[in-house]
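# Examination of the molecular architecture
What follows is the residue order along each chain.
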Amino acid sequence: MPPIDSKLIANLERLSLVRFDSEQAVANLRNAIRVAKRLELVDTEGLEPMYTVWEDQECPTFEDIEEEPLPIEEVFRNAPVRFDDFFVTPPGNVPLESNERFDLNVINEWDTIGKPVAPQAKSTRLVEGKEK
């Protein structure tokens, strides 16, 4: 698995609204990615795709009725947060400021040696500027 970098973490934080604030949090993310990557090995050849887990239930559809479009400002009138001409949903889903809260080198080193847990968070490793 390739190393995780700050850009990827920032993108995942923005998309998920989850702050990865320690080495352990990023290590848990790496483990989740590793488990998900195993799904790529599942042979799906010859299987029909599922569109819903309730395939035996009826899904009513309605005819589209063309109407006059609303002016863009009226569409966004009640939007609490807007980015260009898009709604930001949920409202907290905007780029987060980037400040290193953990040591990516430690995380990537942890991954290469295959420890079951990540090293201690930087805040607990450093005492008065010295390693514990």
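Computed from a predicted model, the values in this text were never measured in an experiment.

### A few points about the overall build of the protein
- Scanning the protein from N- to C-terminus turns up five helices and four strands.
- Put simply, the protein runs from its N terminus to its C terminus through helices and strands in the order α-α-α-β-β-α-α-β-β.
- Burial analysis of the protein (132 residues in total) assigns 18% to the buried set.
- Long-range contacts, defined here as pairs at least 24 residues apart, represent 60% of the contacts in the protein between residues at least 6 apart.
- With an accessible surface of roughly 11200 Å², the protein has 56% of that area assigned to carbon and sulfur atoms.

### Points about unusual backbone geometry
- For Asp84, which is not a glycine, the phi torsion comes out positive at approximately 50°.
- Positionally, Asp84 belongs in the loop between β1 (82-83) and β2 (86-87).

### Let's talk about the environment of Asp5
- One can find Asp5 in the segment before α1 (6-16).
- On the accessibility criterion, Asp5 (41% relative accessible area) is partly exposed.
- Residues Asp5 and Asn105, 100 residues apart in the sequence, show an inter-C-alpha distance of 9.2 Å.
- At 2.9 Å, the side chain of Asp5 and the backbone nitrogen of Leu8 are in polar contact.

### A word on the packing of aromatic side chains
- Under the criterion given, the structure shown has one aromatic pair.
- When the centroid spacing of 4.7 Å and the interplanar angle of 45° are considered together, the rings of Phe76 and Phe87 count as tilted. On the criterion of sequence distance, the pair formed by Phe76 in the loop between α3 (72-75) and β1 and Phe87 in strand β2 is long-range, its members being eleven residues apart.

### Here we look at the nonpolar core
- Counting residues in hydrophobic clusters, the biggest one holds eight residues: Ile4, Ile9, Phe20, Ala25, Val26, Leu29, Leu104 and Ile107.
- At the level of elements, α2 (23-37) and α4 (104-113) are the ones that each hand at least two residues to this core.
- Take this core: its biggest share by element is three residues, from α2.
- If we skip the residues at most four places from it in the chain, Ile4 touches Ile9, Val26, Leu29, Arg30, Ile33, Leu104 and Asn108.

### What to know about a nonpolar patch on the surface
- A surface patch of nonpolar side chains, about 360 Å² in accessible area, is lined by Leu70, Ile72, Val75 and Phe87.
- Following the sequence through the fold, Ile72 ends up in helix α3.
- On the basis of relative accessible area, Ile72 is assigned to the partly exposed category, the value being 42%.

### Quick notes on the confidence of the model for the protein
- Averaged over the protein, the pLDDT score is 76; the fraction of residues at 70 or greater is 72%.
- Across the protein, α3 holds the top mean pLDDT of 90, while strand β3 (residues 126-127) sits lowest at 46.
- Counted against residues more than four places away or in other chains, residues 121-129, with its pLDDT under 50, gives 15 contacts.

### Some words on the pattern of salt bridges
- Applying the stated criterion to the full structure yields four salt bridges.
- Of the charged contacts, one joins Glu13 and Arg19 as a salt bridge, the two residues approaching to 3.6 Å between their closest N and O atoms.
- Taking relative accessible area as the criterion, Glu13 reaches 3% and is therefore assigned buried.
- Put simply, Lys37 and Glu40 hold a salt bridge, and the shortest N to O gap is 3.6 Å.
- Given the relative accessible area of 43%, Lys37 is considered partly exposed.
- The exposed category is assigned to Glu40, whose relative accessible area is 59%.
- Overlapping salt bridges, with partners in common, bring together Glu73, Arg82 and Asp85 in one network.

So, how was this worked out
Residues numbered from 1 in each chain as written. Predicted model: local features only at pLDDT ≥ 70, side-chain atom pairs only at ≥ 80, totals over all residues. Heavy atoms only, no water. Helix = DSSP H or I, 4+ residues; strand = E, 2+ residues; numbered from the N terminus. Buried < 20%, exposed > 50% of the residue type's maximum accessible area, 1.4 Å probe, protein only. Contact = heavy atoms within 4.5 Å. Areas by Shrake-Rupley, 256 points an atom, 1.4 Å probe, with all protein chains shown as cover. Polar contact = N/O pair within 3.5 Å; in protein donor to acceptor, adjacent residues only side chain to side chain. Phe/Tyr/Trp six-rings, centres within 6.5 Å; stacked < 30°, edge-to-face > 60°. Core = buried A, V, L, I, M, F, W, Y, C linked by side-chain atoms within 4.5 Å. Patch = residues over 30% accessible without salt bridge, like charges linked within 9 Å, V, L, I, M, F, W, Y side chains within 5 Å. Salt bridge = Lys/Arg side-chain N within 4 Å of Asp/Glu carboxyl O. pLDDT = per-residue confidence, 0-100.

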